[in-house]
Protein chains: 2
Amino acid sequence: VARDSIGVGLLGLGVVGSGVARILLERASTYRERVGVPLILRRVLVREPEKTRAVELPADLVVTDPRLILEDDSIDIVVEAMGGLKPAYELLAEALTRRKFVVTANKEVMATHSSELLGIAQRSGVDILFEASVGGGIPLIAPLKRDLLANEITGLSAIINGTTNYILTRMAAEGITLEDALSQAQALGYAEPDPAYDIEGTDAAFKLAIMAGLAFRTEVVPSQVYREGIGRLTPRDFRYAAELGYSIKLLAICRRDDGVIRARVHPAFLPADELLAKVDGVYNAVQIDGDLTGKVLFQGQGAGSLPTTSAVVADIIDCAHDIALGIAQQPQWRINPNAEVGGMDDLETRYYIRLTVADRPGVFAEIATQLGKNMISIASVIQKEADETAQSAEIVIMTHRSRESALRAAIEDLSALDCVFEVGNYIRVEG
Amino acid sequence: VARDSIGVGLLGLGVVGSGVARILLERASTYRERVGVPLILRRVLVREPEKTRAVELPADLVVTDPRLILEDDSIDIVVEAMGGLKPAYELLAEALTRRKFVVTANKEVMATHSSELLGIAQRSGVDILFEASVGGGIPLIAPLKRDLLANEITGLSAIINGTTNYILTRMAAEGITLEDALSQAQALGYAEPDPAYDIEGTDAAFKLAIMAGLAFRTEVVPSQVYREGIGRLTPRDFRYAAELGYSIKLLAICRRDDGVIRARVHPAFLPADELLAKVDGVYNAVQIDGDLTGKVLFQGQGAGSLPTTSAVVADIIDCAHDIALGIAQQPQWRINPNAEVGGMDDLETRYYIRLTVADRPGVFAEIATQLGKNMISIASVIQKEADETAQSAEIVIMTHRSRESALRAAIEDLSALDCVFEVGNYIRVEG
């Protein structure tokens, strides 16, 4: 099938959309060479056509009615950079139904509706690519779909939210509180005025759902991802982590154990010599554990206009190759639709527990008894910083591998003890 | 084009070949699912059929005559895991001529003969894939060919030889000599009894030639790669590097400056907070600088039977998809055949210079005069460890950006000075 040109319709002209539009226009001749035929930006959907933007577009390109893109036969590829579920999902579903290839940067849509969209794409003989939905400019989706295909993926651990990684890096380096680190991040533009979406792990959970689905070739939706934000972390936790040889990172983890997939986002202690423990600042990194490759790490800028544009345009070129070659059948990568996704109760990992306790003899015996009763075995204990006025002391316990349900029961039992003034924190220990 | 099955012929049954054969046999049903049709290992070429091996093969699979693979019409993909230029190159050229897809793990062949092989593949409507030729199980070739296609790659820096990285890591951690670190590496099986191929940078230069060609979409051959091994590094250099906030790594670097590509393998000072500076032990890592993505790092095990098998089998599956879909035309990625590859004279970088000098007044003025005469500008100087008996002192100079040709002339001039007893070392400073 010979083609003169390949037409692109762009939905959205925000941070990512402007980057995509600008780069497609500026590099038209380079991409023509790389694709074999010209890649032509035909229409751009915006909400407010009068708004001033980072990119200057010929006026006849800009439309406010999505039908002018969906119903345009000269548009082969629809690129979505609107974000949010509505109206993005419906527009993408219709584009695929109309046999247009789709490239999207939308993590909510891909985390929530991938099954429907992949199904429509398959029935229409087109494809939907979404490299830009996770990890900005870092190639992640393609390696999972393709380059690591010989492996059984046993697990994946990721630092996939730059805002929280910047905050945790500052807290570790300067011993400051979450509030102070957040203010720094906001001042630098690394955190939103309303930071909840990042801080509470919501952003990371969407991205993990997408990666978990790819790693295990099944569907994992955000509601199946356990989620815990960084809000409970204190300077004390960072101090003890450093003393014990660990970093604290907000990890997005999925593993398959005994056939059950578990996906979770939470702060974790990570041995300081692990690859991911060294990933600092706004960098993102994903470590994939393949049974043949061992650990493979991908690291880079996980957000921003140009890195995300890089991912979007690479997907556009990939679609363009398929269109130019007339490929009507795509390799199906989601082949285990019914894999079991489990909850947290049966998770087994190690834990750090920080307690404020009465500073008197016999206290540790009481604590150890409660842990033992719940089958939690202690790996090490450090008693820290007695406060003579309050007659209290701080105890840090590192456990051996334990079941999450047992650990939670133990924490409840410990809280009920008279000698335990406060359960300061408990944090999972990975790696 | 509907196909019942896809046939694989394997050349070589060494470390990599055995892994490929075993995994193809063990995972036949998994790969059948992933490809859509069975992937059948039909023939394996060995030199000594009687030899005991890690993998047990049905006797009728094993052949000693390559013609039984090249001339077998039921073989669609020829996988080469022999290594070395002869007879691998001729066998691969013939396989491509006979319209078989080729997957190779052979860095010598791909570094030296890629143009010929890619040309034959294109004329025959097939493809030659070589992910396993660089970086073992780390996806590198595919990201360069495809996922970073929207970018202009401005440069690439890599730790691509695990043996030397292990040795340098030990030298840095323990303050030991190269000889002692090499003995440790040999005892652990990380270095060959004859380590020259790794230590002198030959292995890294082959791999860099391949990556440079991909990054700049042109041909770079090993003779165009400047090469300097780790043999001149001493415990002193590591001590000064640490004091100044640097790591020492054997880097494989290619950059394009003013349109001229330069590719070089040599030890380098790297600021300790750079991503590559933290890559320790036998790990490999490649940092790609894209003009859109910024720095992207890929890290993992760069050698070994199973990681390399992962790369080979991923390529086999990729070819199988193309064969199953009947794709006869491949995207051409080498589109700048005549890019200019330059030598070292015009390189501009910073330098570390270590001198043993006479411990008397006026010496530094003499040295500074020689450097100034050669247009080398000094960023900092530290005078170290006067040896009273020998009446000598050690001076460490860090330069500003300078031309390599000027630096070499300056080193010659310094060597000629009476007050300079020895030029201990000079090492390029990157990052």
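Chains are numbered independently. Their residues run from 1 in the order of the written sequence. Lettering of chains starts at A and numbering of ligands starts at 1, both following the order in which they are written. Where totals are concerned, whole chains, interfaces and linings use all residues; where local detail is concerned, this predicted model gives features only for residues with pLDDT of at least 70, and gives and counts side-chain atom pairs only at 80 or more. Excluding hydrogens and water, the side-chain figures rest on all heavy atoms present in the structure.

Caption draft 1: Representation of the interface of chain B and chain A within the structure. The contact definition used throughout considers only heavy atoms, calling two residues in contact when any of these lie within 4.5 Å. Listed per partner, the contact involves 47 residues of chain B and 47 residues of chain A. In this assembly, chain B packs against chain A so that about 4,300 Å² is buried in total across both faces, 57% of it on carbon and sulfur atoms. Basic side-chain nitrogens of Lys or Arg form a salt bridge, by our definition, when they fall within 4 Å of a carboxyl oxygen of Asp or Glu. Linking chain B to chain A there are 6 salt bridges. The shortest N-O distance in the salt bridge between E152(A) and R34(B) comes to 3.1 Å. Between N or O atoms, a polar contact is any pair within 3.5 Å; within protein, one atom must be a potential hydrogen donor and the other a potential acceptor, and residues adjacent in sequence are included only when both atoms are from side chains. There are 19 residue pairs in polar contact (both at pLDDT 80 or more) connecting chain B and chain A. Going along the chain from the N terminus, every DSSP run of H or I of four or more residues is numbered as a helix, and every run of E of two or more is numbered as a strand. Those elements that provide at least two residues to the side of chain B that touches chain A are α2 (28-35), α6 (141-147), β12 (294-301) and α12 (305-325) of chain B. By definition, the buried area sums, over both parts, the 1.4 Å-probe accessible area that each loses when the two are put together.

Caption draft 2: Highlighting the side chain of D76(B). Within the element layout of this structure, D76(B) appears in the loop between α3 (67-70) and β4 (77-80). Looking at D76(B), its side chain comes within polar contact range of the main-chain nitrogen of G7(B), at 2.7 Å.

Caption draft 3: Representation of the packing of aromatic side chains in the model. For Phe, Tyr and Trp, where Trp contributes only its six-membered ring, two rings pair if their centres lie within 6.5 Å, and the inter-plane angle classes them as stacked under 30 degrees, edge-to-face over 60, or tilted in between. Evaluation of the coordinates by the stated rule reveals 9 aromatic pairs over all chains. Each ring, one from Y166(A) and one from Y190(A), has its centre 4.8 Å from the other, and the planes form 70 degrees; the classification is edge-to-face. In this pair, Y166(A) is assigned in helix α7 (residues 162-174) and Y190(A) in the loop between α8 (178-187) and α9 (196-199), connecting sequence segments 24 residues apart. Three or more aromatic residues joined by ring pairs make a cluster, and in this case those are Y246(A), F269(A) and Y352(A). Whether a charge sits over a ring comes down to the Lys NZ or Arg CZ being within 6 Å of the ring centre and within 35 degrees of the ring normal. The ring of Y240(A) carries the charged tip of R239(A) above its face, separated from the ring centre by 6.0 Å. The lysine or arginine in question, R232(B), covers the ring of Y426(B), its NZ or CZ lying 5.3 Å from the ring centre.

Caption draft 4: Summary view of the relation of the copies chain B and chain A. Residues below a pLDDT of 70 in either copy are left out; the C-alpha atoms of the rest, at least 70 in both, set the least-squares superposition of the copies. Note on the copies: chain B fits chain A at an RMSD of 0.0 Å, the axial shift is 0.0 Å, and the rotation between them is 180 degrees. As the rotation angle and translation indicate, the two copies are arranged about a two-fold axis. No C-alpha of chain B lies nearer the rotation axis than that of F298(B), which sits 2.4 Å from it. With an isologous cut-off of 70% or more, the 100% of interface residues of chain B that recur at the interface of chain A puts this contact in the isologous class.

Caption draft 5: Spotlight on the environment of I395(B). Residue and element names in this part refer to chain B. Inspection of the secondary structure puts I395 in strand β16 (residues 392-399). Overall, I395 belongs to the buried group, its relative accessible area being 2%. Taking C-alpha positions, I395 is 48 Å from S115, a pair spaced 280 residues apart along the chain. Discounting residues that sit within four places of it in the chain, I395 has contacts with I353, R354, L355, V357, F364, I367, V381, I382 and Q383. Throughout this description, buried means an accessible area under 20% of the type-specific maximum (1.4 Å probe, protein chains only), exposed means over 50%, and partly exposed covers the range between.

Caption draft 6: Looking closely at the pattern of salt bridges. If you walk through the whole model with that rule in mind, you get 52 salt bridges over all chains. R408(A) is the salt-bridge partner of E404(A), the closest N and O atoms lying 2.7 Å from each other. Taken as a pair, E404(A) and R408(A) lie in helix α14 (residues 404-416) at a separation of 4 residues, close to a single helical turn. For E404(A), a relative accessible area of 0% puts it in the buried group. Between E71(B) and R67(B) there is a salt bridge, and its shortest N-O distance comes to 2.5 Å. We classify E71(B) as partly exposed; its relative accessible area is 43%. The exposure class assigned to R67(B) is partly exposed, which follows from its relative accessible area of 30%.

Caption draft 7: Structural context of the environment of G304(B). All names here are of chain B. Looking at the secondary structure, you find G304 in the loop between β12 and α12. Taking relative accessible area as the criterion, G304 reaches 36% and is therefore assigned partly exposed. Placed 231 residues apart in sequence, G304 and D73 show a C-alpha to C-alpha distance of 32 Å.

Caption draft 8: Fine view of the sheet that holds strand β3 (residues 62-63) of chain A. Residues and elements named next belong to chain A. Judged by pairing direction, the sheet is parallel, and its 6 strands sit side by side in the order β3-β2-β1-β4-β5-β6 without closing on themselves. Whereas interior strands pair on both sides, the edge strands pair on one side only; in this sheet they are β3 and β6 (128-129). Strand pairing is assigned whenever DSSP detects at least two bridges linking the two strands. Where strand β1 (residues 6-11) meets strand β2 (residues 39-45), 6 bridges bridge the pair, whose relative direction is parallel. Within the sheet, the bridge partner assigned to I6 lies in β2 and is L39. To obtain each axis, a line is fitted to C-alpha atoms, and for helices this fit is confined to the stretch in contact; angles are then taken between N-to-C directions over 0 to 180 degrees. Against the sheet, helix α12 (residues 305-325) engages β1, β2, β4 (77-80), β5 (101-104) and β6, with an angle of about 170 degrees to β5.

Everything listed here is a matter of coordinates, which is why it stays silent on function.
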